[in-house]
Amino acid sequence: MTVFNDSMEHGFATLLEQHGESVSYKFRDSGTTVSRTAIVDRNPPTAIDQVGNAVAFSLMIYFHNNADDGVQNHVVDNGGDEVYVSLKRGGTAEWRPVYTLIESDGGVTQVAVR
């Protein structure tokens, strides 16, 4: 692990303690549902796809990139996994499909949800 990754992972743990919220993550392959603390960005920026089209996501969700208390990036199933989360803080949660794995760096897995 690099110094950056180590620093980022420790900083992310503090961020989760202060601003994280509980969500449920359902893995399509195993059918397992786990409760995780994550950072939920409810106002993510619009992304640009490979051909220049704007792609809007409802949520960006950040997890630790590990099996113990997060979601490992190599097991994310785009379009198959689901997250039980509300679109608005304090709103009614519902199962929403993981659209895509955005990135995984510094011990953090970032997924986009529509």
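These numbers were taken from a predicted model, which means no experiment stands behind them.

### Considerations on the overall build of the protein
Link 1 in the chain: For the protein, the count of helices and strands is 1 helix and 8 strands.
Link 2 in the chain: For the protein, the α and β elements follow one another from N to C terminus as α-β-β-β-β-β-β-β-β.
Link 3 in the chain: In terms of overall size, the protein behaves like a compact globule, its C-alpha atoms giving a radius of gyration of 14 Å where 114 residues would be expected to give roughly 13 Å.
Link 4 in the chain: Expressed as lengths along the three principal axes of its C-alpha atoms, the size of the protein is roughly 35 × 30 × 30 Å.
Link 5 in the chain: Relative to its full complement of 114 residues, the protein shows a buried share of 37%.
Link 6 in the chain: Here the protein displays about 6600 Å² of accessible surface, and carbon together with sulfur accounts for 48% of that area.

### A look at the pattern of salt bridges
Link 1 in the chain: Tallied over the entire structure, the rule returns 5 salt bridges.
Link 2 in the chain: Its salt-bridge partner being E21, residue R89 comes within 3.1 Å of it at the nearest N-O pair. Residue R89 is found in the loop between β6 (82-85) and β7 (94-105), and its partner E21 is found in strand β1 (residues 21-26); the two are separated by 68 residues along the sequence.
Link 3 in the chain: For R89, a relative accessible area of 59% gives the class exposed.
Link 4 in the chain: Here E21 falls in the buried class, since its relative accessible area comes to 13%.
Link 5 in the chain: Between R28 and D77 there is a salt bridge; the shortest N-O distance is 2.9 Å. Of this pair, R28 sits in the loop between β1 and β2 (33-41) while D77 is found in the loop between β5 (59-64) and β6, placing the two residues 49 residues apart along the sequence.
Link 6 in the chain: On the basis of relative accessible area, D77 is assigned to the buried category, the value being 14%.
Link 7 in the chain: In this structure, a network of salt bridges that share partners links the residues E21, R42 and R89.

### Observations regarding the confidence of the model for the protein
Link 1 in the chain: Predicted confidence across the protein gives a mean pLDDT of 91, with 92% of residues reaching 70 or more.
Link 2 in the chain: Of all the helices and strands in the protein, helix α1 (residues 3-19) carries the lowest mean pLDDT, 78, while β6 carries the highest, 98.

### So, the packing of aromatic side chains
Link 1 in the chain: Tallied over the full model, the rule gives 4 aromatic pairs.
Link 2 in the chain: On the basis of an interplanar angle of 85° and a centroid distance of 5.6 Å, the ring pair of Y25 and F63 is categorised as edge-to-face. Highlighted residues: Y25 in strand β1 and F63 in strand β5, separated in sequence by 38 residues. As far as the burial class goes, Y25 and F63 line up, both buried.
Link 3 in the chain: Among the aromatic side chains, those forming a connected cluster through ring pairs are Y25, F27 and F63.

Cut-offs applied
Residues numbered from 1 in each chain as written. Predicted model: local features only at pLDDT ≥ 70, side-chain atom pairs only at ≥ 80, totals over all residues. Heavy atoms only, no water. Helix = DSSP H or I, 4+ residues; strand = E, 2+ residues; numbered from the N terminus. Rg over C-alpha atoms; globule rule 2.2 N^0.38 Å. Buried < 20%, exposed > 50% of the residue type's maximum accessible area, 1.4 Å probe, protein only. Areas by Shrake-Rupley, 256 points an atom, 1.4 Å probe, with all protein chains shown as cover. Salt bridge = Lys/Arg side-chain N within 4 Å of Asp/Glu carboxyl O. pLDDT = per-residue confidence, 0-100. Phe/Tyr/Trp six-rings, centres within 6.5 Å; stacked < 30°, edge-to-face > 60°.

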